[in-house]
Amino acid sequence: DNGELIYADTGMSFNTNVVATSYGKHWVIATAKDENDMVSDSMYYFVRHDAIVEELPEGIKDGINYIDENTATLCLLAPEKEYIFVLGDFNDWEIENDYEMKITPDGLRYWVELSNLEDGKEYVFQYFIDGTIKVGDPYADKVSDPWNDQYISNATYPDLISYPAGKTYGIASVLQTGQVAYEWQINNFTNPNVEDLVIYELLVRDFITKHDFNTLIDTLDYLERLGINAIELMPNSEFEGNSSWGYNPNYYFAPDKYYGPKDTFKAFVDECHSRGIAVFMDLVLNHSNNTNAMAMMYWNSEYNRPAANNPWFNEESNFTNPDAHWGNDFNHESVYTQQFVDSINSYWINEY
């Protein structure tokens with residue numbers, strides 16, 4: 001155990017207790033040998049301190065907060081949880097004391113400051129909750145998907161960061177300090193009057209073969225000739241899979257990478273505004289699918305549905321028609337859901 005011999009004997013099998021004598025990571029190695037061969041296997045266990053109780057730094061919001069080119073503060077709303085570690089590329093996906101999140105005095109939020117990040121470098125990370133749950137950040141504007149990213153071409157999303165296969169499982173999120181802000185060309189766009197709107201609704205996947213925002217920009221001449229002054233996009237925030245109508249959402253702040261990078265989406269909005277065309281987004285705020293981080297954090301595995309203490313979701317849908325609901329039903333009576341919806345709307349309006 002961490003280099004200290006704790007058991008030695010001869011025979012074909014053994015049984016012994018490993019007693020934790022100090023905090024932190026313990027690497028346990030078992031070695032068997034005879035006159036001709038030797039074989040080893042290992043594992044590690046971690047003895048954690050109680051979580052540090054400390055108020056959030058001023059100005060920190062839920063999600064990823066970029067402090068400077070080398071520092072980010074992560075904040076996760078997670079009432080009733082015992083402890084949370086952050087695992088990621090920055091610590092080789094290992095549990096470390098410095099990456100255990102602090103808890104606020106009200107017990108609602110966990111937070112940690114990440115320092116010594118490389119300016120401009122992308123890092124994939126997850127929250128490791130109570131030793132059993134791994135999820136991405138619900139507020140992340142980019143996710144790393146082990147099942148679907150491999151099918152997105154470099155032409156659609158250049159230099160897409162690779163999923164850390166073999167180091168974790170499930171959807172993770174991406175952070176990057178030192179991002180260069182998109183330079184908007186149109187800063188004084190005025191929406192058409194409601195009574196004058198002529199809206200063209202489209203699904204990026206089906207409207208153009210290349211299914212990306214870059215190509216969609218090239219079709220605006222055609223759309224403008226039709227006489228429309230608004231484009232309504234079917235859901236284009238992250239959803240499960242790649243080829244979808246988008247009504248199976250999981251991460252609400254991230255444009256789906258199957259349509260290209262977020263700055264390309266901004267360029268599309270910018271070009272629309274330069275032509276007097278408004279852009280509407282279809283945001284699916286009624287339900288969310290099982291890979292949604294907030295559903296996974298409080299989940300009833302016995303009944304395969306959100307747990308009774310889930311802050312955001314009902315256990316079952318409140319719709320009286322069972323054929324008219326999908327996924328997990330948001331509880332819009334919950335103040336947590338109301339705050340989350342407000343954050344989504346505010347983010348897309350202000351960021352895009």
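Further up the page is the structure itself.
Residues numbered from 1 in each chain as written. Predicted model: local features only at pLDDT ≥ 70, side-chain atom pairs only at ≥ 80, totals over all residues. Heavy atoms only, no water.

**Q** Just to check I follow, could you spell out the environment of Tyr 151 for this structure?
**A** Of note, Tyr 151 is situated in the loop between β10 (143-144) and β11 (172-176). Exposure remark for Tyr 151: the relative accessible area of 58% places this residue in the exposed category. Here the alpha-carbon distance between Tyr 151 and Ile 129, two residues 22 residues apart in the chain, equals 29 Å. (Helix = DSSP H or I, 4+ residues; strand = E, 2+ residues; numbered from the N terminus. Buried < 20%, exposed > 50% of the residue type's maximum accessible area, 1.4 Å probe, protein only.)

**Q** Would you mind going over a negative patch on the surface with me for this structure?
**A** Residues Asp 68, Glu 69, Glu 113, Glu 118 and Asp 119 make up a contiguous surface patch of negative charge. Its place among the elements puts Glu 118 in the loop between β7 (109-114) and β8 (122-129). For Glu 118, a relative accessible area of 48% corresponds to the partly exposed category. (Patch = residues over 30% accessible without salt bridge, like charges linked within 9 Å, V, L, I, M, F, W, Y side chains within 5 Å. Areas by Shrake-Rupley, 256 points an atom, 1.4 Å probe, with all protein chains shown as cover. Salt bridge = Lys/Arg side-chain N within 4 Å of Asp/Glu carboxyl O. Lys, Arg positive; Asp, Glu negative; His and termini not counted. Charge placed at Lys NZ, Arg CZ, Asp CG, Glu CD.)

**Q** Just checking my understanding: could you explain the sheet that holds strand β6 (residues 102-103) for this structure?
**A** Strand order across the open sheet formed by four strands is β3-β4-β7-β6, with antiparallel pairing between neighbours. The sheet is open, and its two borders are formed by β3 (63-68) and β6, each paired with just one other strand. (Pairing = 2+ DSSP bridges.)

**Q** Looking at this model, I keep getting lost on the nonpolar core. Mind explaining?
**A** General note: in soluble globular proteins, nonpolar side chains tend to be found buried as a group. In terms of nonpolar packing, the biggest core is built from 70 residues, with Leu 74, Tyr 127, Ile 231 and Phe 268 touching the most fellow members. Looking at this core element by element, the count peaks at five residues for helix α6 (residues 335-351). Setting aside its immediate chain neighbours within four residues, Ile 231 contacts Tyr 200, Leu 202, Leu 220, Leu 223, Phe 268, Cys 272, Ile 277, Ala 278, Val 279 and Phe 280. Membership of the second largest hydrophobic core comes to twelve residues, among which are Tyr 83, Val 124, Tyr 163 and Ala 172. (Core = buried A, V, L, I, M, F, W, Y, C linked by side-chain atoms within 4.5 Å. Contact = heavy atoms within 4.5 Å.)

**Q** I keep staring at the pairing of strand β4 (residues 71-77) and nothing clicks. Help me out?
**A** The side chains of a regular strand alternate between the sheet's two faces. A large share of β4 lies buried, amounting to seven of its seven residues. Side chains Thr 71, Thr 73, Cys 75 and Leu 77 project from β4 onto one buried face, and the interleaved Ala 72, Leu 74 and Leu 76 project onto a second face that is buried too. Note: β3 against β4, five bridges, orientation antiparallel. Across the sheet, the residue bridging to Tyr 66 is Ala 72, located in β4.

**Q** In this structure, what is going on with the pattern of salt bridges? I would like to understand it.
**A** Between side chains of opposite charge, pairing is possible as soon as their charged atoms come close. Per the counting criterion, the structure on display carries 18 salt bridges. Between Arg 275 and Asp 221 there is a salt bridge, with the nearest N and O atoms lying 2.8 Å from each other. Here Arg 275, found in the loop between α4 (262-274) and β16 (278-281), pairs with Asp 221, found in helix α3 (residues 220-225); they are 54 residues apart in sequence, far enough to count as distant. Residue Glu 271 is joined to Arg 275 by a salt bridge in which the shortest nitrogen-to-oxygen separation is 2.9 Å. The exposure class of Glu 271 is partly exposed, given its relative accessible area of 26%.

**Q** When you look at the side chain of Thr 156 in this model, what are you seeing that I'm missing?
**A** As for its position among the elements, Thr 156 is in the loop between β10 and β11. A polar contact of 3.1 Å, which involves the side chain of Thr 156, links it to the side chain of Ser 153. (Polar contact = N/O pair within 3.5 Å; in protein donor to acceptor, adjacent residues only side chain to side chain.)

**Q** Explanation requested: the packing of aromatic side chains in the structure shown.
**A** We describe a pair of aromatic rings using the distance from one ring centre to the other and the angle between the two ring planes. In the structure shown here, the tally under the stated rule is 29 aromatic pairs. Centre to centre, the rings of Phe 46 and Phe 85 are 5.4 Å apart; their planes meet at 80°, and the pair counts as edge-to-face. Linking Phe 46 in strand β2 (residues 38-47) with Phe 85 in strand β5 (residues 84-88), this pair joins segments that are 39 residues apart in sequence. An identical accessibility class is assigned to Phe 46 and Phe 85; each is buried. (Phe/Tyr/Trp six-rings, centres within 6.5 Å; stacked < 30°, edge-to-face > 60°.)

**Q** Looking at this structure, I do not really get α6. What am I missing?
**A** Three- or four-residue spacings in an α-helix give side chains the same orientation, since the helix completes a turn every 3.6 residues. Helix length check: α6 (17 residues) gives 24 Å between terminal C-alpha atoms against 24 Å at 1.5 Å per residue, within 8%. Of the residues making up α6, those classed as buried are Thr 337, Phe 340, Val 341, Ile 344, Tyr 347 and Trp 348. Seen end-on, α6 carries its buried residues on one side only, within an arc spanning 130°. Seen from the buried face of α6, the exposed residues on the opposite side, beyond 90 degrees, are Asp 342, Ile 349 and Asn 350. Packed against the buried residues of α6 are β14 (237-239), β15 (249-255), α4, β16 and α5 (293-297). (Expected span 1.5 Å × (residues − 1). Arc of directions from axis to C-beta.)

Functional significance is not addressed by these values, which are geometric in nature.
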